[in-house]
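Examining the three-dimensional arrangement
Chain by chain, the residues:
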Amino acid sequence: KGAIDAMYLQLAQIINDSDFVNIQEFSLNTAQKQQVKDFSSVRWMFVKSFQDNNDWTGVAMVSRWEPYDLIPLRSVDAEPVSNTPKTALIAKYKIADGTELWVADMHALNFNVIPGAYERQLDALVAQIENYDGALIFTGDFNTWLPERWNYLLETSKMLGMEHAELDSPVGFFHVTMDHVFYRKIKNVKAEVLYEYTGSDHLPLRIQFDLLSGAGA
C-alpha cells in the first residue's frame, strides 16, 4: 500500500508501458496524490473502501482512454474486526470500429469466511456484466486461498465464457496464487509475471492482448 518507496517508481514504469493498469490495494496518500498529478494525461479511477490513517484505500484503474461508463461496487459483507468492505470497478470503453471493451477489477473478501459472503460479492459484479456478450477483461486479487473460492470463481468465469490466463504468482501465508486474469473475445498474445518488480507484496501481472474485430456486443 505504498510503504515501499520503490513502488511509486515501478508503478510509473508500468503506467508508461501499459494501456490499462488495474490495482487492487490503492492508497491515496500524499505520495500517491502527487503521482496522480504527475500522470495527468491518463485517466485515474478509484473506488473508496475505507480510510487508513486518513488516507482512502480501495480499487483503482489507470487507462489511456476515457470510459463512457463506470460502475463502482462495494461488497455488502465486510471483513471481520476492521468491518471494512471490499471494492470493485467496471469500466466500459468504445473501440474505434464501434465495438466495446469492458474492463473489470475486483478486490475480493479475504478474512470473511461466512458462508455465502464471497459468492455474494462476486455475484454482484456478475449481475452487472452477465447481459453483455462482448470483449471483456476481468482481473483482481480474488483471495482464492480457499479451494471452494477458486472453484466458484472458475465456474463463474466459465459461465461467462471467459478464459483464464495461466500465471503462477503465489503469495501470502498459504503461498497460493490469488491474483488472476480472465478474458473473453480478445486474444491473449503474451502473459507474464513481472518478477523484477518488488515494490509490492503481490507481483504485477502483465498481459498483452489483441482485440479481435467485431468483439463487442
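Up top is the structure.
A brief report on the enclosed structure follows. Fair warning: this is a prediction, and the values are worked out from it, not measured in the lab.

1. Observations regarding the overall build of the chain
Within the chain one finds 4 helices and 13 strands. In terms of its C-alpha atoms, the chain occupies a principal-axis envelope of roughly 45 × 45 × 30 Å. When the 217 residues of the chain are sorted by exposure, 50% land in the buried category. Considering only residue pairs separated by 6 or more positions, the chain has 63% of its internal contacts joining residues 24 or more positions apart. Of the roughly 11,100 Å² of accessible surface on the chain, 52% is carried by carbon and sulfur atoms. Across the chain, 18 positive and 29 negative side-chain charges occur, with their mean positions spaced 5 Å apart.

2. As for the sheet that holds strand β1 (residues 20-27)
The strand order across the open sheet formed by 3 strands is β1-β3-β2, and the pairing between neighbours is antiparallel. Where the open sheet ends on each side, the last strands, each with one partner, are β1 and β2 (43-52). For this sheet, the mean inter-axis angle between neighbouring strands, taken without regard to orientation, is 10°. On top of the sheet, helix α1 (residues 6-16) reaches β1, β2 and β3 (55-63); it is set at about 155° to β1, its chief contact.

3. A few points about the pattern of salt bridges
Evaluation of the coordinates by the stated rule reveals 8 salt bridges. Across the salt bridge formed by R64 and D19, the nearest N and O atoms sit 3.5 Å from each other. Of the two residues, R64 sits in the loop between β3 and β4 (69-78) while D19 sits in the loop between α1 and β1, which places them 45 residues apart along the sequence. Among the ionic pairs, R43 bridges to E66, the shortest N-O distance being 2.9 Å. Here R43, found in strand β2, pairs with E66, found in the loop between β3 and β4; they are 23 residues apart in sequence, far enough to count as distant. Classification of R43 by relative accessible area gives partly exposed; the value is 26%. A cluster of three or more residues bridged by salt bridges with shared partners is formed by D17, E192 and R206.

4. Focus on the sheet that holds strand β6 (residues 100-107)
A sheet is described by the order of its strands in space; here 6 strands give the open sequence β4-β5-β6-β7-β11-β8, paired in mixed fashion. Two strands close off the open sheet at either side, each with one partner strand: β4 and β8 (163-164). Two elements, β6 and strand β7 (residues 135-141), share 7 bridges in a ladder whose sense is parallel. Bridge pairing links H107 to D141 in β7. Each of β8 and β11 (179-184) is contacted by helix α4 (residues 147-159), which is oriented at about 15° to β11, the strand it contacts most.

5. What to know about unusual backbone geometry
Within the chain, V81 stands out as a residue other than glycine whose phi angle is a positive 70°. Within the secondary structure layout, V81 lies in the loop between β4 and β5 (85-94). What makes V81 exposed here is its relative accessible area of 91%.

6. Thoughts on the pairing of β2
Relative to β3, β2 runs antiparallel, the two sharing 9 bridges. Along β3, the bridge assignment pairs M45 with M61. Taken together, β2 and the strand that follows it, β3, pair antiparallel across an intervening segment of 2 residues, in which N53 is found at a positive phi of about 55°.

7. Re the nonpolar core
Core analysis: the largest hydrophobic core is formed by 40 residues, its most contacted members being I90, M106, L125, I129, F138, F142 and F209. Leave out the neighbours within four places in its chain, and I129 touches I90, W102, L136 and L160. Counting residues in each nonpolar core, the second largest holds 14 residues, with L11, V21, I23 and V62 among its members.

Calculation rules
Residues numbered from 1 in each chain as written. Predicted model: local features only at pLDDT ≥ 70, side-chain atom pairs only at ≥ 80, totals over all residues. Heavy atoms only, no water. Helix = DSSP H or I, 4+ residues; strand = E, 2+ residues; numbered from the N terminus. Buried < 20%, exposed > 50% of the residue type's maximum accessible area, 1.4 Å probe, protein only. Contact = heavy atoms within 4.5 Å. Areas by Shrake-Rupley, 256 points an atom, 1.4 Å probe, with all protein chains shown as cover. Lys, Arg positive; Asp, Glu negative; His and termini not counted. Charge placed at Lys NZ, Arg CZ, Asp CG, Glu CD. Pairing = 2+ DSSP bridges. Axes fitted to C-alpha atoms, helices over the stretch in contact; angles between N-to-C directions. Salt bridge = Lys/Arg side-chain N within 4 Å of Asp/Glu carboxyl O. Core = buried A, V, L, I, M, F, W, Y, C linked by side-chain atoms within 4.5 Å.

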